[in-house]
Amino acid sequence: MIGVFDSGFGGLTVLAALRQRLPQYDYVFLADSARAPYGARSFDVIHDFTLEAVEWLFNEGCTVVVLACNTASARALRTIQQNHLPAHRPDRRVLGVVRPSVEALAGLPPGALPGVSAPSLVEGTVAVLGTEGTIASDSYGIELRKLAPRLELIQQPCPLWAPLVEAGELDGPGTEWFLHRYLDPVLSGPRPPQRILLGCTHYPLLLPGIRRIVPAEIAIIPQGEVVAERFADWLVRHPDQEQRLGRGRLQRLATTDDPAWFAEHSGRIFGRPLQIERARLSPLG
Ligand code: DGL
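Thresholds, definitions, all that
Counting from 1, residues in each chain are numbered in the order their sequence is written. Since the coordinates come from a predicted model, pLDDT governs what is reported: local features require at least 70, and pairs of side-chain atoms require 80 or more to be given and counted, while whole-chain, interface and lining totals use all residues. As a convention, hydrogens and water are excluded, and side-chain values are obtained from all of the structure's heavy atoms. Runs of H or I in DSSP of at least four residues are treated as helices and runs of E of at least two as strands, each being numbered from the N terminus. When we talk radius of gyration, it's over C-alpha atoms, and the globule rule is simply 2.2 Å times the number of residues to the 0.38. Under the scheme applied here, a residue whose accessible area is under 20% of the maximum for its type counts as buried, over 50% as exposed, and between as partly exposed, the area being computed with a 1.4 Å probe on protein chains only. Here a polar contact means two N or O atoms within 3.5 Å. Within protein one must be a hydrogen donor candidate and the other an acceptor candidate, and residues neighboring in sequence count only if both atoms are side-chain atoms. Throughout, a residue-residue contact means that at least one pair of heavy atoms, one from each residue, lies within 4.5 Å. A pair is scored as a salt bridge if a Lys or Arg side-chain nitrogen falls within 4 Å of a carboxyl oxygen belonging to Asp or Glu. To define axes, lines are fitted to C-alpha atoms, for helices over the stretch in contact only, and angles between the resulting N-to-C directions are given on a 0 to 180 degree scale. Here roughly perpendicular refers to angles of 65 to 115 degrees, roughly parallel to angles under 35, roughly antiparallel to angles over 145, and oblique to all remaining angles. Left-handed describes a crossing whose near helix is turned anticlockwise from the far helix through less than a right angle; right-handed describes the clockwise counterpart. By the convention adopted, Pro, Cys, Tyr, Trp, Phe, Met, Ile, Leu, Val and Ala count as nonpolar, Lys, Arg, Asp and Glu as charged, and the other residues, Gly among them, as polar. Here a strand pair is declared whenever DSSP counts at least two bridges between the two strands. Note on terminology: a nonpolar core comprises buried Ala, Val, Leu, Ile, Met, Phe, Trp, Tyr and Cys residues joined through side-chain atoms within 4.5 Å. Directions pointing from the helix axis toward each C-beta atom define the arc.

Asker: How should the overall build of the protein be read in this particular structure?
Answerer: Along the protein, the regular secondary structure elements total 13 helices and 10 strands. For the protein, whose C-alpha radius of gyration is 18 Å, the value lies close to the compact-globule estimate of 19 Å for 285 residues. On the principal axes, the C-alpha backbone points of the protein span a range of 50 × 45 × 35 Å. Scored against the burial criterion, the 285 residues of the protein give a buried share of 54%.

Asker: Even after reading the chapter, I still don't get the side chain of Ser137, so can you show me in this structure?
Answerer: With respect to the secondary-structure elements, Ser137 resides in helix α6 (residues 132–137). Separated by 2.7 Å, the side chain of Ser137 and the backbone oxygen of Thr134 make a polar contact. Ser137 has contacts with Ala74, Arg75 and Ile142, leaving out every residue within four places of it along the chain.

Asker: I'm lost on the pattern of salt bridges in this one. Help?
Answerer: Pairing between side chains of opposite charge can happen when the charged atoms of each approach one another. Counted by the stated rule, this structure contains 17 salt bridges. Close ionic contact of Glu55 with Arg89 constitutes a salt bridge, the shortest N to O distance being 2.6 Å. Residue Glu55 is found in helix α2 (residues 43–59), and its partner Arg89 is found in the loop between α4 (77–88) and β4 (93–95); the two are separated by 34 residues along the sequence. Each member of the pair, Glu55 as well as Arg89, is classed as buried. Between Arg247 and Glu242 there is a salt bridge whose closest N-O contact spans 2.4 Å. Assessed through its relative accessible area of 46%, Arg247 is described here as partly exposed. Counted as one network, the salt bridges with shared partners bring together Arg78, Arg99, Glu103, Glu143, Lys146 and Arg230.

Asker: Is there a simple way to explain the side chain of Thr13 in this structure?
Answerer: Topologically, Thr13 is positioned in helix α1 (residues 12–21). A distance of 3.3 Å separates a polar side-chain atom of Thr13 from the backbone oxygen of Thr201. In contact with Thr13, other than residues within four places in its own chain, are Thr201, Pro204, Leu205, Gly224 and Phe270.

Asker: Help me understand the packing of helix α5 (residues 98–105) against helix α7 (residues 139–147), please; the structure alone is not making it clear to me.
Answerer: Each pair of packed helices gets described by two things: the angle between the helix axes and the distance between those axes. Direction vectors running N to C along α5 and α7 enclose 55 degrees, while the axes themselves pass 9 Å from each other. Relative to α7, the element α5 lies oblique. Judged by the sense of rotation from one axis to the other, the crossing of α5 with α7 is right-handed. Taking contact as the criterion, the partners of Val98, Arg99, Ser101, Val102 and Glu103 in α5 are, on α7, Ser139, Tyr140, Glu143, Leu144 and Leu147. Residue classes in the contact of α5 with α7 are distributed as 5 nonpolar, 2 polar and 3 charged.

Asker: Please explain the sheet that holds strand β3 (residues 64–67) as it appears in this structure.
Answerer: Pairing between sheet strands relies on hydrogen bonds along the backbone, with the strands arranged either parallel or antiparallel. With parallel pairing, the 6 strands of this open sheet are ordered in space as β4-β3-β1-β2-β9-β10. The open sheet has two edge strands, β4 and β10 (277–278), and neither has a second partner. Bridge analysis of strand β1 (residues 2–6) against β3 gives 4 bridges, and the strand direction is parallel. When the bridges of β3 are listed, Val4 appears paired with Val66. In this fold α1 packs onto β1, β2 (27–31) and β9 (251–255), with an angle of close to 170 degrees to the strand it touches most, β2.

Asker: Is there a simple way to explain the nonpolar core in this structure?
Answerer: Across soluble globular proteins, you tend to see nonpolar side chains buried next to one another. Judged by nonpolar contacts, the single largest core of 51 residues is most densely connected at Ile2, Leu129, Trp161, Leu183, Ile196, Ile210 and Phe231. For this core, the element with the most residues is helix α11 (residues 223–237), which contributes 6 residues. The residues touching Leu183, leaving out its near neighbours within four places in the chain, are Leu129, Trp161, Ile210, Ile213 and Val214.

Asker: Got a minute to help me understand the packing of α2 against α4 in this structure?
Answerer: Following both chains from N to C, one finds α2 and α4 inclined at 50 degrees, their axes separated by 11 Å at the closest point. With respect to each other, α2 and α4 are oriented oblique. Between α2 and α4 the crossing geometry is right-handed. The segment α2 lies against α4, with Phe43, His47, Thr50, Leu51, Val54, Glu55 and Phe58 engaging Thr79, Ile80, His84 and Leu85.

Asker: When you look at α4 in this model, what are you seeing that I'm missing?
Answerer: In an α-helix, one turn spans 3.6 residues, which is why side chains three or four residues apart end up on the same side. The complete set of buried residues in α4 reads Leu77, Ile80, His84 and Leu85. Buried residues in α4, looked at end-on, bunch into an arc of 95 degrees, giving them a common side. Exposed side chains of α4 directed beyond 90 degrees from the buried face belong to Gln82 and Ala87.

What follows is the structure, encoded as structure tokens:
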């Protein structure tokens, strides 16, 4: 199965895009709602929480896990790939969302190599909006400097957007005030961006309000679709992993907190009731 992990229900936007692009496979989605939001937590805590979630997904039968959560991708992915997998799970894979998103932000094809830049955007400006943890890690900056070093990157933390989404506050004057609070500095600088990446799984749920504020000539990159497209490309390049995936079109959804709460909030947002199970993660030994 393909595991998809997020701190909260925002990751369902990535799951939906994956299932749309690759409907033939089996999926298990896990939201660590009991400990969300991750955004302002320390590096070590995000790493440990993410590893516990990844191990739960492995134990449920996932052979590849997509960290849909930008904060987890930025803070935990590299250590899990470099230390945990070789030592404990050499046949499993964990992928993140930062690298594929950066490729799209730079206008590059999937699997682009450092130095292969998109001529159209080579000297432009792009922006990424994310949690405090994602932006503080500079993960987007590090990856973009490798792939398209002459592109200028505006990085804007939006600490209250994910909590607003988790609380179901998707519109209204209060939410609009916070949309302006983080978008205005991005839009009012001397070189406004040509593209904006919503670098947090929760932010697509605020898209109607964001689109009203961002001028039409600025593209807003939908991360779920980008990740799904580039994951499909990754599977083509890794047939050994692709062959291990189940093809029953199954979907399981799990949360570490109350399934009824998760079903109510996510169902309201996604327009239909979802069946959710409770996941109990094992603490790291
Ligand atoms: N889902 C997280 C992400 O994509 C944001 C929410 C959180 O702070 O946990 O970064």
